[in-house]
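The chain contents come next:
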Amino acid sequence: MANTNTAVPAPARRKKRDTRQLWAFGFCLPNILFFLVFFVAPAIGGVWNSVFDYNGFKQMDFVGLSNYMKLFRDPEFYKTLWQTILYSIVSVPLGYAVALGLGLLLSSEKIKGITILRILIYWPILLSTIMVGLTWRWIFGESFGLINYLLQCIGLDGIKWATNPTAAFITTIIAGIWSGCGTNMLIFIGALKQVPGELLEAANLDGANKWQRFLRITLPCLSPIILYNLVMQTITAFMAFTQAFVITQGGPNDATNFYALYVYNHAFKWSNMGYASAMSWLMLVLISLITFILFKSSKFWVFSEADQ
């Protein structure tokens, strides 16, 4: 009887493997091209522009590292950097608490209409960032805003959202948290569903209450996701731009003049492209340093499956 399980020749196996690799590369090619054209090429151009006195139109004059040296002598640079750091220190923990709280609340399938609630919370992510900014500008407007209108309806004075530095700063934080909590909430919901149920049941049998089960079991299991969200939220906070640009235009008294907005103003408002490029690269260095610190510190509080 003839043997039907004959081995496939090695050249045929190699040809099949090469064909599959070509198909895989073909599917990845659009994303690779997008990354090269819109990320790598502008980054290289930014390095080139940072060593020139360039306004975007005239012939560039080589100045070497003068833009970087000028940066460290610019008092406005330190002010905007501090505003950005302060914004990150306040918005990241608050955003974390909101996203994790919503994740815990909406992770149960027993709640009626849970899918609709998740969609409504995630919905701002689908909107344009400019649309989000305009929405919050309408809500917090001094003379036409929804909140001030409601306050006046009950006999209270409206809040000077656009002219009070503290109120304007709080406005940008609220807008940033609202526009970004949907994605983080869904990530937390997915992670909460991966927490081993047997561990929670065993802790419940041992007499642990909900708070103890959350601190001792749920939170350690979420630690890798917490690290991921922490890194992403920190990067997003340091690049805050839209809410300040649309709602407050950096004011009042530069209270919301964040780093990214300062870079934008130098590049496109004041036609100082070389200086803006130097600022952009310094921001990349700062974000990389903060990310490195977060990853290095994570070994003390991120738990692996083996630890659990």
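For the structure itself, look to the data block above.
Since we're looking at a predicted model, the values are computed, not measured.

Draft legend 1. Representation of helix α3 (residues 75-106) in the model. The first and last C-alpha atoms of α3 sit 46 Å apart over 32 residues, in line with the 46 Å expected at 1.5 Å per residue. The N-cap of α3, judged by a side-chain oxygen 3.0 Å from the amide nitrogen of Glu-76 a few residues on, is Asp-74.

Draft legend 2. Geometry of the side chain of Asn-49. Tracing the sequence through the fold places Asn-49 in helix α1 (residues 10-49). Asn-49 gets classed as buried once you look at its relative accessible area, which sits at 15%.

Draft legend 3. Structural context of the environment of Ala-175. With respect to the helices, strands and loops of the structure, Ala-175 is situated in helix α7 (residues 165-192). Owing to a relative accessible area of 3%, Ala-175 belongs among the buried residues under this scheme. Taking the C-alpha atoms as reference, Ala-175 lies 19 Å from Leu-150; in sequence the two are 25 residues apart. Sequence-distant contacts of Ala-175, that is, excluding residues within four places in its chain, are made with Trp-136, Gln-243 and Ile-247.

Draft legend 4. Quick look at the pattern of salt bridges. Under the defined criterion, the tally for this structure stands at one salt bridge. In this structure, Lys-79 engages Asp-254 in a salt bridge whose closest nitrogen and oxygen atoms are separated by 3.9 Å. With Lys-79 in helix α3 and Asp-254 in the loop between α10 (242-248) and α11 (259-269), this residue pair connects regions lying 175 residues apart in the sequence. In this structure Lys-79 comes out as partly exposed when scored by relative accessible area, which is 34%.

Draft legend 5. Representation of the packing of α11 against helix α12 (residues 273-297) within the structure. Taken N-terminus to C-terminus, the directions of α11 and α12 make an angle of 155 degrees; their axes are 7 Å apart at the nearest point. Considered as vectors, α11 and α12 are oriented roughly antiparallel to each other. Between α11 and α12 lies a crossing whose hand is left-handed. On α12, the residues touching Tyr-259, Tyr-262, Val-263, His-266, Ala-267 and Phe-268 of α11 are Met-273, Tyr-275, Ala-276, Met-279, Ser-280, Leu-282 and Met-283.

Draft legend 6. The arrangement of α11 in detail. Burial in α11 covers these residues: Tyr-259, Leu-261, Tyr-262, Val-263, Asn-265, His-266 and Ala-267. Here the buried face of α11 lies against α3, α10 and α12.

Draft legend 7. How the structure looks around the packing of helix α9 (residues 210-238) against α12. Interaxial distance between α9 and α12 falls to 10 Å at its minimum, and their mutual angle equals 160 degrees. As summarised for this structure, α9 and α12 are arranged roughly antiparallel, according to the angle between their axes. Where α9 crosses over α12, the two elements pack in a sense that is right-handed. Along its contact with α9, which presents Leu-227, Leu-230, Val-231, Thr-234, Ile-235 and Phe-238, the element α12 presents Met-283, Ile-287, Ile-290, Thr-291, Leu-294 and Phe-295.

Draft legend 8. Region of the structure containing unusual backbone geometry. Following Gly-251, the chain continues into Pro-252 via a peptide bond in cis, with omega recorded as -5 degrees. With respect to the helices, strands and loops of the structure, Pro-252 is situated in the loop between α10 and α11. Although it is not a glycine, Asn-253 sits at a positive phi angle of roughly 55 degrees. Looking at the secondary structure, you find Asn-253 in the loop between α10 and α11. The phi dihedral of Asp-254 falls on the positive side, at around 60 degrees, and the residue is not glycine.

Draft legend 9. Here's a closer look at a nonpolar patch on the surface. A contiguous nonpolar surface patch, about 970 Å² in accessible area, is contributed by Phe-25, Leu-29, Ile-32, Leu-33, Phe-34, Phe-35, Leu-36, Val-37, Phe-38 and Phe-39. Relative to the elements of secondary structure, Phe-34 occurs in helix α1.

Draft legend 10. Region of the structure containing the packing of aromatic side chains. The full count for this structure, using the stated rule, is 19 aromatic pairs. Measuring from ring centre to ring centre gives 4.8 Å for Phe-34 and Phe-38, while their planes differ by 40 degrees; the resulting arrangement is tilted. One end of the pair, Phe-34, and the other, Phe-38, are both in helix α1, four residues apart, so they sit about a helical turn from each other. Residue Phe-38 is classed as exposed on the basis of its relative accessible area, which comes to 53%. Both rings, one in Phe-169 and one in Phe-258, keep their centres 6.3 Å apart while their planes meet at 70 degrees; by these two values the pair is edge-to-face. Of this pair, Phe-169 sits in helix α7 while Phe-258 sits in the loop between α10 and α11, placing them 89 residues apart in sequence. Summarising the burial analysis for this pair, Phe-169 and Phe-258 share the class buried. Taken together, the ring pairs in this structure connect Phe-34, Phe-35, Phe-38 and Phe-39 into an aromatic cluster.

Cut-offs used in this document
- Residues numbered from 1 in each chain as written.
- Predicted model: local features only at pLDDT ≥ 70, side-chain atom pairs only at ≥ 80, totals over all residues.
- Heavy atoms only, no water.
- Helix = DSSP H or I, 4+ residues; strand = E, 2+ residues; numbered from the N terminus.
- Expected span 1.5 Å × (residues − 1).
- Polar contact = N/O pair within 3.5 Å; in protein donor to acceptor, adjacent residues only side chain to side chain.
- Buried < 20%, exposed > 50% of the residue type's maximum accessible area, 1.4 Å probe, protein only.
- Contact = heavy atoms within 4.5 Å.
- Salt bridge = Lys/Arg side-chain N within 4 Å of Asp/Glu carboxyl O.
- Axes fitted to C-alpha atoms, helices over the stretch in contact; angles between N-to-C directions.
- Parallel < 35°, antiparallel > 145°, perpendicular 65-115°, else oblique.
- Left-handed = near helix turned anticlockwise from the far one by under 90°.
- Patch = residues over 30% accessible without salt bridge, like charges linked within 9 Å, V, L, I, M, F, W, Y side chains within 5 Å.
- Areas by Shrake-Rupley, 256 points an atom, 1.4 Å probe, with all protein chains shown as cover.
- Phe/Tyr/Trp six-rings, centres within 6.5 Å; stacked < 30°, edge-to-face > 60°.

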